[in-house]
Amino acid sequence: MGCAVGLWVLRGAPKAGEFTDELWVKLRTGALWVIVAFSSAVFAVVLLTSSNAGDKLDDLRDAGATVSTATVVERQSARQELSDGVVKGYVSRLVVSVPGGAERLAVRGAYTYEKPGKGAEVDVLWARSDPGLGGYSNESKDLATLAENRWNAFQDDESGAGSLIAFVVVALIGVVLTSLFTLLPDADDLQEVAWSAPFQTVRTALATLVFWGWSPMMLGMQPSVPQVIVAVGSSCLVLLGYVLTSLRGFG
């Protein structure tokens, strides 16, 4: 945001010559679009790698949860997780034994790629100070990252792989848009957009809206439904907003 403001402040310089001035306008516009593309890609990554997994995980964190390798002593139920008719994993209700800890720890909604049987080993997030909270197990997530409630952009799990793909896809879209809206319009038209109060007002309002949507999550607060909608749609909002306010650059 600060870089974008700085580039807008410098929108009128330099004036050394026609070629220099045109090159400056193109470079400044391209730099702004690079920032927009990168920001949109980052929004997509953050959404896919959020460590939020509900109140139960919050309670476990508050109790000082850690990750242990536990042994299944009882499988009370199990159901298949299907995708396009293909079994992707199993969601089970388990009772596990943690070495040096709880002998019978309840784990509801445990997600595993293979159907867990008695004697199978699973990684479990649990609180030694309060075993009554039960445990949390999900082979598709990095439990250590969840326990520390930290953000890892490309962590070693399914969401990490998905976030990397999303980053590359959105970034490539941004590269195409950067080339389109920087190289094709005339420098005079780009300069007119840079000086246009209505367009810059819309862009400022867009930046404010996105910040409002993300502020609860950045501050560790519970977002409202409208804020969640804005946060989820941030990538599209930023890219679409800048596309619509840049069309005037084509004359």
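Further up the page is the structure itself.
Analysis parameters
Residues numbered from 1 in each chain as written. Predicted model: local features only at pLDDT ≥ 70, side-chain atom pairs only at ≥ 80, totals over all residues. Heavy atoms only, no water. Helix = DSSP H or I, 4+ residues; strand = E, 2+ residues; numbered from the N terminus. Buried < 20%, exposed > 50% of the residue type's maximum accessible area, 1.4 Å probe, protein only. Areas by Shrake-Rupley, 256 points an atom, 1.4 Å probe, with all protein chains shown as cover. Salt bridge = Lys/Arg side-chain N within 4 Å of Asp/Glu carboxyl O. Core = buried A, V, L, I, M, F, W, Y, C linked by side-chain atoms within 4.5 Å. Contact = heavy atoms within 4.5 Å. Arc of directions from axis to C-beta. Polar contact = N/O pair within 3.5 Å; in protein donor to acceptor, adjacent residues only side chain to side chain. Pairing = 2+ DSSP bridges. Phe/Tyr/Trp six-rings, centres within 6.5 Å; stacked < 30°, edge-to-face > 60°.

(A) The arrangement of the overall build of the protein in detail. Helix and strand counts for the protein stand at nine helices and five strands. Scanning the protein from its N terminus toward the C terminus, one meets helices and strands in the order α-α-α-β-β-β-β-β-α-α-α-α-α-α. Within the protein, the fraction of its 251 residues that count as buried is 39%. Accessible surface computed for the protein: about 14000 Å², of which carbon and sulfur atoms make up 62%.

(B) Geometry of the pattern of salt bridges. Under the definition given, this model contains two salt bridges. The salt bridge involving Glu 74 is made with Arg 104; its shortest N-O contact spans 2.9 Å. Here Glu 74, found in strand S1 (residues 66-83), pairs with Arg 104, found in the loop between strand S2 (86-97) and strand S3 (105-112); they are 30 residues apart in sequence, far enough to count as distant. Across the salt bridge formed by Glu 81 and Arg 79, the nearest N and O atoms sit 2.6 Å from each other. On the basis of relative accessible area, Arg 79 is assigned to the partly exposed category, the value being 47%.

(C) Layout of the nonpolar core. By size, the foremost hydrophobic cluster in this structure holds 18 residues, and its most contacted members are Trp 33, Val 36, Leu 177, Val 238 and Tyr 242. Of all elements in the fold, only helix H2 (18-48), helix H5 (158-183), helix H7 (197-219) and helix H9 (234-244) reach the threshold of two or more residues within this core. Broken down by element, the residue count for this core peaks at six residues, all from H2. Once residues lying within four places of it in the same chain are set aside, the contact partners of Val 36 are Val 238, Leu 239 and Tyr 242.

(D) Representation of helix H8 (residues 225-232) within the structure. When we look at burial in H8, the residues that qualify are Gln 227, Val 230 and Ala 231. In a view along the axis of H8, the buried residues occupy a sector of 100°, so they form one face of it. Exposed positions of H8 whose direction lies more than 90 degrees from the buried face are Val 225, Ile 229 and Val 232.

(E) Here's a closer look at the side chain of Thr 112. Within the element layout of this structure, Thr 112 appears in strand S3. A residue is classified by how much of its surface remains accessible, and Thr 112, at 1% relative accessible area, is buried. Here the side chain of Thr 112 touches Glu 114 through a polar contact of 2.7 Å, landing on its backbone oxygen. With near-sequence residues (within four places) excluded, Thr 112 lies in contact with Gly 89, Tyr 90, Val 122 and Glu 139.

(F) Fine view of the environment of Pro 116. One can find Pro 116 in the loop between S3 and strand S4 (121-126). The buried category is assigned to Pro 116, whose relative accessible area is 3%. Between the alpha carbons of Pro 116 and Tyr 90 there is a distance of 8.1 Å; along the sequence they are 26 residues apart. Among residues more than four places away in sequence, those in contact with Pro 116 are Arg 75, Tyr 90, Ser 92 and Leu 94.

(G) Seen up close, the pairing of S2. Where S1 lies against S2, 11 bridges are found, and the strand directions are antiparallel. Paired with Ser 83 across the bridge in S2 is Val 86. What sits between the antiparallel neighbours S1 and S2 is a turn of two residues, in which Asp 84 has the positive phi angle 55°. Here S2 pairs with S3 via six bridges, running antiparallel.

(H) Broad picture of the packing of aromatic side chains. Here the structure, examined in full by the defined rule, presents five aromatic pairs. Seen from their ring centres, Trp 33 and Phe 181 are 5.2 Å apart, and the 10° between their planes marks the pair as stacked. On the criterion of sequence distance, the pair formed by Trp 33 in helix H2 and Phe 181 in helix H5 is long-range, its members being 148 residues apart. A ring pair is formed by Trp 33 and Tyr 242, whose centres lie 6.1 Å apart and whose planes are at 75°; its orientation type is edge-to-face. Remark: Tyr 242 occurs in helix H9 and Trp 33 occurs in helix H2; sequence separation between them is 209 residues. Residue classification places Trp 33 among the buried residues on the basis of a relative accessible area of 3%. The structure contains a cluster of three or more aromatic residues connected by ring pairs, namely Trp 33, Phe 181 and Tyr 242.

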